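Architecture and fold: a report
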Amino acid sequence: MPSYRTGTVTTILSERHGMQRVEVDGEQAYVLTQLIGPVGVGDRVVMNTTAVELGLGTGGWHVVHWNLERDAWSARGAGHEMKLRYTSLQVDTGMATAPVAGDWRAEADPPAIACFLHSQVAVAAAAFKYMAPQRSLGYVMTDAGALALAFSDLVADMRDAGTIDVTVTAGQAFGGDREAVNVHHALQLCDDQHAVVVGMGPGSLGTGTEYGFSGMEVAAVLEAAEAMSYRPVVALRVSDADPRARHQGISHHARTVLDVTTAQAVVPIPRGEQRPHLPGHEVVEVDVPDLADLGVTSMGRSVSQDPRFFAYAAAAGVYAASVLG
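The structure displayed is predicted, hence computed values, not measured ones. (Residues numbered from 1 in each chain as written. Predicted model: local features only at pLDDT ≥ 70, side-chain atom pairs only at ≥ 80, totals over all residues. Heavy atoms only, no water.)

It is the contact of helix H4 (residues 118-131) with helix H9 (residues 307-322), at a shortest axis distance of 7 Å, that shows an interaxial angle of 45°. Between H4 and H9, the angle is such that the two are oblique. Crossing of H4 against H9: the hand is right-handed. Along the contact surface, H4 presents Ser 119, Gln 120, Val 123, Ala 124, Ala 127, Phe 128 and Met 131, while H9 presents Phe 309, Phe 310, Ala 313, Ala 314, Gly 317, Val 318, Ala 320 and Ala 321. Its residues assigned to classes, the contact of H4 with H9 comprises twelve nonpolar, three polar and no charged. (Axes fitted to C-alpha atoms, helices over the stretch in contact; angles between N-to-C directions. Helix = DSSP H or I, 4+ residues; strand = E, 2+ residues; numbered from the N terminus. Parallel < 35°, antiparallel > 145°, perpendicular 65-115°, else oblique. Left-handed = near helix turned anticlockwise from the far one by under 90°. Contact = heavy atoms within 4.5 Å. Nonpolar A, V, L, I, M, F, W, Y, C, P; charged D, E, K, R; others polar.)

This is the structure in structure tokens:
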């Protein structure tokens with residue numbers, strides 16, 4: 001069951017579109033302003049404290065649920081299509097219309113990179129832009145992790161760095177430049193982009209069981225990409241630093257997904273790495289650039305601490321750039 005607590009906003013730590021980070025009675029909390037509007041110092045607020053009390057991976061942040069200083073708040077959305085449906089925070093996001101497809105769309109299947117973790121998105125995007133700086137890249141955020149795009153510091157950083165050009169939020173995820181009903185629709189909304197990277201927002205969920213993990217969605221993402229005339233590409237999840245045996249080397253998440261998906265995926269690997277046996281899929285070796293300056297971490301680990309994790313994610317971006325010529 002959820003836990004709530006009231007408190008007073010004592011500090012505004014930072015603000016960006018859709019998001020405030022604040023302190024409430026000295027404790028860290030964030031505000032999704034698209035849902036409840038902004039707060040100010042001195043405001044009494046209600047916080048959802050559940051994740052912090054359970055010790056979950058939110059980084060120690062509560063979520064501001066409502067500002068008690070208001071009797072009402074309203075902000076007209078982009079249409080009548082709802083996300084977070086049938087909850088007290090349902091929001092009228094509207095839905096985007098399909099853009100005019102680029103000329104390249106008729107000539108070849110553009111690559112769609114499917115990621116298991118949010119951090120892989122930034123690595124693949126940085127590698128893609130390093131190899132093809134003049135090509136455009138869309139990011140489709142699925143609803144398997146955080147639902148609010150504004151919550152992602154990584155997306156804000158990618159925007160600042162210019163490594164993604166368009167954001168699309170699919171399913172119950174919201175806050176992208178374009179809103180989509182599902183992943184198929186989201187891919188259609190990227191028809192004006194040279195390539196697409198698809199992955200959940202922050203907050204992957206895993207149960208330690210064969211199929212009970214958020215990244216299982218990658219199987220369906222690959223199938224959607226194939227159905228929508230994209231070239232399905234996998235950012236293979238690999239680690240030498242993860243303490244959990246099931247994620248050492250090629251993660252069981254990646255092997256399970258590639259076993260069950262009906263899509264025929266391209267699996268890029270860094271040149272010189274041992275070629276994995278992945279029946280039904282095409283393993284391709286690529287040269288990976290120096291990743292030392294990426295500034296991205298995964299589960300608190302840097303490039304130097306888990307180099308193969310970053311190298312395999314970058315390999316997907318390098319491959320996607322290479323097929324565009």
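Next up on the list: the packing of aromatic side chains. Each aromatic ring pair is summarised here by two numbers: the centre-to-centre distance and the angle between the ring planes. In this structure the tally under the stated criterion is two aromatic pairs. Where Tyr 30 meets Phe 151, the ring centres are 4.8 Å apart and the plane angle is 45°; that geometry is what we call tilted. Remark: Phe 151 occurs in the loop between strand E9 (137-142) and helix H5 (153-161) and Tyr 30 occurs in strand E3 (residues 27-32); sequence separation between them is 121 residues. Classification of Tyr 30 by relative accessible area gives buried; the value is 11%. Classification of Phe 151 by relative accessible area gives buried; the value is 17%. Ring centres 5.3 Å apart and planes at 80° place the aromatic pair Phe 309 and Phe 310 in the edge-to-face group. (Phe/Tyr/Trp six-rings, centres within 6.5 Å; stacked < 30°, edge-to-face > 60°. Buried < 20%, exposed > 50% of the residue type's maximum accessible area, 1.4 Å probe, protein only.)

Purely geometric numbers; function is a separate question.
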